[in-house]
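Residues per chain are reported as follows:
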Amino acid sequence: MSIIIKNLNKIYPNGNHALKDINLEIPSGMFGLLGPNGAGKSTLMRILVALMEPTSGDIEIYGYNLLKQRKEVRQILGYLPQDFRFFAKYKVNEFLDYAARLSGMNNSRQRREAINNMLEQVGLYEVRERYASKLSGGMKRRLGIAQALIHNPKVIIVDEPTTGLDPEERIRFRNLLSSVSANDTTIILSTHIVGDISSSCSNMALMNHGQVSFVGSPEEMLKRAEGKVWRLRVTNEQYQEINKKHPVISTIPAGIDWEIQVVADSMSQYGNAEPYTPTLEHAYVYFMENQLDLWMND
Amino acid sequence: MQLIKNILSVSKYESKLLLRSWFFKVFSVLAFLFFGLITFIQFLSENPESSMDTIPSLMPYMVSLMLNLAQAIITVFLASEYLKRDKELDTSEVFYVRPLSNAEYLFGKMWGTIRVFFGLDFIIMGTMLVISYFKLGAATDYMSYLWYFLILIVPTLIFITGLSTVLMMTLKSQALTFVILLGYIGITLFYASDVLYYLFDYIGFSFPMFKSTITGFAALPQLLNHRMAYLLIGLGCIMGSIALFGRLANSHRSKYPWIVLSIVCILAGIGAGFKHVNDYLQKNNYQKSIIALNNKHVNDPKMVIDSCFLDIQQQEANLNVKVSMICVPLKTASKYTFTLNPGMEVNSILSEGKKLSFERTEHLIIVDFGKQIAEGDTTSLQINYEGIVDERICYLDIPEELQVTNDKVLLMKIDKRYAYQTANYVLLTPETYWYPKPGVCYSDESPDWQQNYFTHYSMRVKPNQGLTVFSQGKREVQDSVTYFKPDQPIQSLSLCIGEYEYKSVNVDSTEYAIWYLKGHDFFSAPLDSIADTIPSLIRDMRTDFEVNLQLPYPFQRFALVEVPAQFETYSRAWTQAQETVQPEMIFLPEKGFRLNRFNFANQMKWRKQSRDRSGGGGGRGGRGGRGFQTQSDLDMQLDVLRGALRIMLEKTGNVAFEQGRFGQSTVTTEENPYYFLPEVYNFRYNVYSSKWPVANRLIEIFLQGSSDRNWWIRRETGLSNDEKALLMMQQKSFKQLLTEVEHRDLINNFIGIQGNMLFAEAQYKMGIQVFKDSLFNVVKANEFKNLSFESLLTKMSTISGVDLNAPLASWDKPSKLAEYQMGTPVVTFIQTDEKEIYQTEIVISNISKVPGYIKYGLEFHSSDGLGYSVDGLKPTTWIIPFNPHETKHIVSSWEEAPAEFDIYTMMATNLPLNVSLSAGNTLDGYSMIGDGEFVVDSNYLSVEGEIIVDNEDSKLFELSEPAPMGLLNKLINENLDDEDFKYHGFSEWRAPFNWTPTTDNGFFGKAIRSAYVIRSGDGSQYATWHVPLDGPGTYDVYYYVRRPEQMRWNMEVSVSGGRGGRGGDRGGRGGQGGRDDQSYVFSINYDGTKEETLLDLRRADDGWQELGSYTFYCDTVDVVLSNKTKLSTVTADAVKFVKR
């Protein structure tokens, strides 16, 4: 395991218990951290990149104890924060150069080559002399991932990287991360967009209310949701009734009726309900809805 | 090393941001423009009033000072900016997760800011250096640029950067940080800059850092310590900020070393600050202990040194001295006390070849001769000593606040040094006691310490290799040894050793020389044409000086000696000779620094430019004044040199003028330290007295004729120095006032007044000039001899027939002052068959119970200033005695009409003390009274039927309540005035907001010619005279007018314009014609009615002006004057009612 998190707790000075006894083992490759807003993902990310100190617990990253060996951990770390919009008055290549220098890339020739390669890789070479603050949202994200990758870190932590991107940029971004993860690198991708996980992560964890609700592969998560998703045609009155009891995932008008997809343990009371093959989104809703504490780390 | 690389990486990108900010760009551009302008004005424009090009370090000093101030303020805004930026920019965190340490990050950030400023400084100062090189060439002081950068800019920037960062981290608010730091800067700059000996002056704006070309900084260790204090505290703050920084450190414990280092640095900085203050306090305490020691030994037996030979060897900085003296005891004793600088260690003392035991306590040497030596006997004494002089012994009598106050040139502060003794340069004056002198030095309990005696000195000096020696006497150089032997006995010796060169010329068997440091010949080139003319110039100048000072120059040689600019002297109560003036020589600051007239190069350029512009040149023009528009180069050079040398004829030096609250101001004058008189008087005559050490000064001031007639100073400050002195002499004895430090600027006035009074009766008997001549003759007969004050008085008593010793008894008590009332002067033209004469009359009454004297004089248009009538037969000034309550009718006749009557009331409560009354219109008459002073009845001055109410009459004169004043106004109008004195000066262009008492010749008053003055306004302020009537009847009502200065001046212009003089085309306008409301608004309140009347000042003359005639039936009439007028001021003086 490249990252082992044990009994991690974070309680803010205002009493908010943001992380509750988190235990996680993260293997190399792309690891998705899924959860709704406020689930504690960003807190966990910030603790992992040594921007924040946990209240208790231990974290080991590639054999280094994060709490005692921050410098070593920082040397193998790349980080793209959730918000990455406002820049000081640096040009694109300067921003990368600054990041590269601070990561210990002292040889100026090699650094320059690395920067150019990285700019090519993320498609920013043409705008390298432009001030970073003048880039579009997608370009800024790409510059963000470029700075996170510039020194070939072993662990890359990206917090909500695709939020606000158009579909094309999002796909491009996912692909970029996927290609990096092929090089024995651990990428932790924190997101609340299920599609980001399903399309790129081999392992994932689901967080809710500061706790981990699920850890495993997306397939395992889907398996847990099998038989819990139903498709049925209902009248308007029935729809109102179902909606009060169960999460309705899809609602399509069908004449005067509705064709809906529902996550529920059973829908036998409705005659036309038929099981539906769950997607990761269905599984995510299933887990969120049931506030599950089904999974134990051991 | 990764640490350095990380710091440089962070700093590089921080600098980039700063360079890209508009704030910094604008600052840089403004800095360049500003410094370019400064350079041009002060340096390149060759302004003769500028000293900037005399000392090469001045330009870098001034530029660093201004840059430092600007940067200190700008840095407050920028130093903590990155913290705010890091907080605001969400992209900053990607740098926080890098493996660099907090220290590397913060050091990088701060260095990034600082280095940009350093870069700007390098560019600006580099540009200055290049300009300086082109202007000064080899004289450029390259090192000074580095010095000022290191001692001024570096500590300030590091301190303010550290402080603002740590404050920002603690307060977590940039706005609050700005407010606190800008407030701190303001306080340290304007209020606390000189508190605790400049301790809080972190910018270095007030702490003197002048660098001399000859000797460098005045006190480098002290200076470095002061700057180090801020550097260390700054570094401590920076390290503290590392510990406080919000980013998680690379290691848990990594902040502890920074906390420790921060505390160590801050404590070390505080320690340096403490040392700074302590050094001053120590010096102060040391001086107090020296004074206490002197007080203890001031009455010890002492010897007069009849002859003294000093054998001096300079060894590096050390002086090794053998002094052989022939001494004459003033009292029989076996132990005698001498003073020698405490830095000089005494090795042995011998007498007649025998070693003597001695006791050394600080500066005192108590020599035990082992036997009684009778008074008047002679004995030999040899003292062997060596060491480096300790300057702390100098100027024990000068208050500490004066010693720590530094002079300034523009923004630059000049330190003070009293002596120099290094391996390369030595300047020792008698003030350092560098050779033994009898008795103790300054005592604040007994005046017996400070006797000077004439001694036959001679000297042999072996200086360090390559150095030249200069001192008093005939100079002979044999091998590496220089001998000096003065021709006469002198009172003091001074010693200069350095890389001196000299130019000399013999004129009429006197050697005149200029001694200057190598490379400092600033006079030869600009005065290149006058070499052949020098002897005749010197001859002329000598005559000029001797006529002016009324004494011949007594020595066979005279030299102007260049000394470091920090060399400072003070005026003393007992002599007007400052240490800058020594027998046979005057010390001038290096390259004539601050003496603009010695800036020959610029003076010449400026004059030539003026001549060229006016199209003159070629012909010989007038020599004086500003007639150089047509002068030849030779005449111009002679004029410039003559003008420079004439500085030695000026009694007053710097005049400091400060505008204070409500239009009041203070003016302080300094004695001219280069005044030549001591050369012809003090170093030649010595009147001494063990009871009255000021005796010498008293005779000196009396013979010079004290003049306290700087009318413009009086107008600004409200009282003349003599008047201030007299007010104090009523409260304290003369003896007590002489020892008080707070009014030491008035000491000459105390002495002058007392001297005048001492000799008043004798002058009355003999005539002013005859007495003066007699006194001077007695003094002159004792040239180069010690003359006792008491015997001088006895001799003068015999000559004048007046007991001059008797008045001394009253000097231990506060003075009682007479009070005089003066009538209106009358001049009558009388033509008889034999002659035509102008008869002058005035009635003066002593209305006090104290007897006194007045000095009475007449000014004529043809007056030659020598105090005699036009035929030279009759003195125009004389002394008149007055008994208590005595009134005199003073009559004198002349061949021409006098212009003014001058009455100087000497020791009286009168204000002003000097009254000049205009002679007015001449009347025609037929009967001559005959000259004389006739005692008349005191009613002579009162006029029947006249009722006068003056502003001095507290029961009948009333003023409106002062207007409330805003806080801002109070702050802006800082009180500079001396609250000890009731009367104040004022200026019409900045008149007081509230009724302010002031005195002037032109106001009405019995003894005090005063009035209240106020700024004109809306009529809310007013003055009221309650006039008690002499029964019902018709009265003519008058007001006493003294027209405002502005109006007076305009009238003069218009009058002279009308006469075809200056004013030209304005003459026809008739003064203030065309302007309205230049009237005072009066209200006459009587019998329940208020009657308004206007007094148009355009049509009024000075003196009583009629307001109108009124019939009253009441007992009292109120005359009310409001401040509503378009004139700038309103003056409330006196009203007069005359019953028909």
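Residues numbered from 1 in each chain as written. Chains lettered and ligands numbered in written order. Predicted model: local features only at pLDDT ≥ 70, side-chain atom pairs only at ≥ 80, totals over all residues.

1. Overview of the overall build of chain A
Worth spelling out the cut-off: What counts as a helix is a DSSP run of H or I of at least four residues, what counts as a strand is a run of E of at least two, and both are numbered from the N terminus. Any residue whose C-beta has 12 or fewer other C-beta atoms within 10 Å is treated as exposed, any with 20 or more as buried, and any in between as partly exposed, C-beta atoms being built from the backbone. Our contact criterion uses C-beta atoms placed from the backbone: two residues qualify when those atoms are within 7 Å.
Secondary structure assignment for chain A yields ten helices and 14 strands. Each principal axis of the C-alpha atoms in chain A carries an extent, and together these give about 70 × 45 × 35 Å. With 298 residues in all, chain A has 47% of them scored as buried. Of all intrachain contacts in chain A linking residues separated by at least 6 positions in sequence, the fraction that spans at least 24 positions is 68%.

2. Things to note about the overall build of chain B
Cut-off, in case you're wondering: Both definitions apply: the radius of gyration is a C-alpha atom measure, and the globule rule equals 2.2 Å times residues to the power 0.38.
The secondary structure content of chain B amounts to 25 helices and 51 strands. In terms of overall dimensions, chain B is globule-like: its C-alpha atoms have a radius of gyration of 35 Å, near the 32 Å expected for 1140 residues. In terms of overall dimensions, chain B has a C-alpha envelope of 110 × 85 × 65 Å along the principal axes. A buried classification covers 44% of the 1140 residues belonging to chain B. When contacts within chain B are restricted to residue pairs at least 6 apart in sequence, long-range pairs at least 24 apart make up 75% of them.

3. A closer look at the sheet that holds strand S13 (residues 257-263) of chain A
Residue and element names in this part refer to chain A. This is how it is decided: By this definition, two strands are paired if DSSP reports at least two bridges between them. Comment: axis = line fitted to C-alpha atoms, over the contacting stretch for helices; angle = value between 0 and 180 degrees taken between N-to-C directions.
Sheet architecture is open: four strands sit in the order S12-S13-S11-S14, paired in antiparallel fashion. In this open sheet, the two edge strands, each paired with only one partner strand, are strand S12 (248-254) and strand S14 (274-275). The pairing of strand S11 (residues 229-234) with S14 spans two bridges and is classified as antiparallel. Within S14, the residue paired with Arg231 across the bridge is Glu274. Taken strand by strand, helix H10 (residues 280-290) contacts S11, S12 and S13, and its axis lies near 65 degrees from that of S13.

4. Details of the sheet that holds strand S9 (residues 364-373) of chain B
Residues and elements named next belong to chain B. Spatially, four strands are ordered S8-S9-S5-S15 in an open sheet, and the strand pairing comes out antiparallel. Looking at which strands have only one partner, the edges of the open sheet turn out to be strand S8 (357-361) and strand S15 (437-438). Looking at chain direction, strand S5 (residues 333-339) and S9 are connected through six bridges and run antiparallel. Each residue of the ladder has a partner; that of Lys335, found in S9, is Asp368.

5. Here we look at the domain arrangement of chain B
The line we're drawing: Bear in mind that the domain bounds are from an automatic or database domain assignment.
Considered domain by domain, chain B is made up of domain 1 (2-278), domain 2 (299-388 + 432-492), domain 3 (685-812), domain 4 (820-942) and domain 5 (947-960 + 995-1139). Computed from C-alpha coordinates alone, the two centres of domain 1 of chain B and domain 4 of chain B are separated by 70 Å.

6. Looking at unusual backbone geometry
Residue Pro912 of chain B follows Leu911 of chain B across a cis peptide bond; omega there is -5 degrees. With respect to the helices and strands, the residue Pro912 of chain B is situated in the loop between strand S36 (898-904) and strand S37 (914-918). Backbone geometry at Asp21 of chain A places phi at a positive 50 degrees, although glycine is not the residue there. Structurally, Asp21 of chain A can be placed in strand S2 (residues 17-26). Phi is positive for His885 of chain B, which is not a glycine, with a value near 50 degrees. Here His885 of chain B shows up in the loop between strand S34 (877-882) and strand S35 (887-894). Looking at His885 of chain B, the number of C-beta atoms within 10 Å reads 13, which means it is partly exposed.

7. Considerations on the interface of chain B and chain A
Which entries qualify depends on this criterion: Throughout this entry, Asp, Glu, Lys and Arg are counted as charged residues, while Ala, Val, Leu, Ile, Met, Phe, Trp, Tyr, Cys and Pro are counted as nonpolar. The remaining residues, Gly among them, count as polar.
Facing the 24 residues of chain B at the interface are 30 residues of chain A. Looking at the side of chain B that touches chain A, the elements with two or more residues in it are helix H1 (2-20), helix H4 (81-88) and helix H5 (93-96) of chain B. In terms of residue count, the dominant contributor to the side of chain B that touches chain A is H1 of chain B (seven residues). In terms of residue class, the side of chain B that touches chain A is made up of ten nonpolar, seven polar and seven charged.

8. Here we look at the nonpolar core
As a reminder of what qualifies: Take the buried Ala, Val, Leu, Ile, Met, Phe, Trp, Tyr and Cys residues, join any whose C-beta atoms are within 7 Å, and the set you get is a nonpolar core.
By size, the foremost hydrophobic cluster in this structure holds 180 residues, and its most contacted members are Ala146 and Ile157 of chain A. The greatest single-element share of this core, amounting to 15 residues, is contributed by helix H7 (residues 142-171) of chain B. The contact partners of Ile157 of chain A, leaving out residues within four places of it in the chain, are Met45, Leu48, Val49, Leu77, Tyr79 and Ile188 of chain A.

9. Concerning the pairing of S2 of chain A
Residue and element names in this part refer to chain A. For strand S1 (residues 3-11) and S2, the ladder comprises six bridges, and the chain directions are antiparallel. Looking at the pairing, Ile11 lines up with His17 of S2. Taken together, S1 and the strand that follows it, S2, pair antiparallel across an intervening segment of five residues, in which Gly15 is found at a positive phi of about 95 degrees.

10. A look at the confidence of the model for chain B
Residues and elements named next belong to chain B. Which entries qualify depends on this criterion: Values of pLDDT, ranging from 0 to 100, describe the predictor's confidence in every residue of the model.
Residues at a pLDDT of 70 or more form 90% of chain B, whose mean pLDDT is 86. Considering only residues more than four positions removed or in separate chains, one finds that residues 617-626, a stretch of pLDDT under 50, has 17 contacts. Contacts from residues 1052-1075, a stretch scored under 50 in pLDDT, to residues over four places away or in other chains number 25 contacts. Predicted complex metrics record ipTM = 0.92 and pTM = 0.80.

11. A closer look at the pairing of strand S4 (residues 318-329) of chain B
Residues and elements named next belong to chain B. Judged by which residues are buried, S4 turns out to be one-sided: Leu319, Val321, Val323, Met325, Cys327 and Pro329 face inward and are buried, whereas Asn318, Asn320, Lys322, Ser324, Ile326 and Val328, on the alternate face, are not. When strand S3 (residues 303-315) meets S4, the two strands line up antiparallel, connected through twelve bridges. Note that in S4 the partner of Ile312 across the bridge is Val321. In textbook terms, the turn of a hairpin is the stretch between consecutive antiparallel strands, and for S3 and S4 this stretch comprises two residues, one of which, Glu316, has a positive phi near 55 degrees. Looking at chain direction, S4 and strand S10 (residues 379-387) are connected through nine bridges and run antiparallel. Residue pairing in the sheet places Cys327 in a bridge with Thr379 of S10.

12. What to know about the environment of Asn548 of chain B
When you line up the elements, Asn548 of chain B lands in helix H12 (residues 534-549). Along the chain, Asn548 of chain B and Met796 of chain B lie 248 residues apart, while their C-alpha atoms are 25 Å from each other.

13. Focus: the packing of H7 of chain B against helix H8 (residues 174-191) of chain B
Residues and elements named next belong to chain B. Where we set the bar: Put simply, angles under 35 degrees are roughly parallel, angles over 145 are roughly antiparallel, angles from 65 to 115 are roughly perpendicular, and the rest are oblique. Crossings are assigned a handedness: left-handed for a near helix turned anticlockwise from the far helix by less than a right angle, right-handed for a clockwise turn.
At their nearest, the axes of H7 and H8 sit 9 Å apart, and the two run at 135 degrees to each other. Classed by the angle they form, the pair H7 and H8 counts as oblique. In this structure, H7 crosses over H8, and the sense of that crossing is right-handed. For the pair H7 and H8, the contacting residues are Leu163, Ser164, Leu167, Met168 and Leu171 in the first and Gln174, Leu176, Thr177, Ile180 and Leu181 in the second. Tallied by class, residues from the contact of H7 with H8 come to seven nonpolar, three polar and no charged.

14. Some points on the domain arrangement of chain A
Under the domain assignment, chain A is made up of domain 1 (3-215) and domain 2 (227-277). Computed over C-alpha atoms only, the centres of domain 1 of chain A and domain 2 of chain A are separated by 39 Å.

15. Re helix H6 (residues 167-181) of chain A
Residue and element names in this part refer to chain A. Put simply, the rule is: The span one expects for a helix is its residue count, reduced by one, times 1.5 Å. Within this analysis, the arc is defined by the directions that extend from the helix axis to the C-beta atoms.
Taking 1.5 Å per residue, 15 residues should reach 21 Å; H6 reaches 21 Å between its end C-alpha atoms and fits that length. Residues Arg170, Phe173, Arg174, Leu176, Leu177 and Ser181 constitute the buried set of H6. Projection of H6 onto a plane perpendicular to its axis shows the buried side chains occupying an angular sector of 160 degrees, all on one side. Those residues of H6 that are exposed and angled more than 90 degrees off the buried face are Glu168, Asn175 and Ser179.

16. Concerning helix H8 (residues 218-225) of chain A
Since the α-helix advances by 3.6 residues per turn, residues separated by three or four positions end up pointing in the same direction. All names here are of chain A. Residues of H8 that are buried: Pro218, Met221 and Ala225. For H8, the angular spread of the buried residues around the axis is 60 degrees, confining them to a single face. Looking at the buried side of H8, the elements it contacts are helix H7 (194-200), strand S9 (203-208), strand S10 (211-216), S11 and H10.

17. Concerning the packing of helix H13 (residues 600-613) of chain B against helix H14 (residues 633-645) of chain B
All names here are of chain B. H14 packs onto H13 with a crossing angle of 135 degrees between their chain directions and a minimal axis gap of 10 Å. With respect to H14, the element H13 is oriented oblique. Note that H13 runs across H14; the crossing there is right-handed. Together, Phe600, Gln603, Met604 and Arg607 of H13 and Met636, Gln637 and Val640 of H14 make up the contact between the two elements. A class-by-class count of the residues in the contact of H13 with H14 yields four nonpolar, two polar and one charged.

18. Quick look at the environment of Leu495 of chain B
Residue and element names in this part refer to chain B. On the secondary structure map, Leu495 appears in strand S20 (residues 495-498). Assessed through the 25 C-beta atoms surrounding it within 10 Å, Leu495 is described here as buried. Remark: the alpha-carbon pair of Leu495 and Trp434, spanning 61 residues in sequence, is separated by 9.2 Å. With near-sequence residues (within four places) excluded, Leu495 lies in contact with Val426, Leu428, Trp434 and Ser471.

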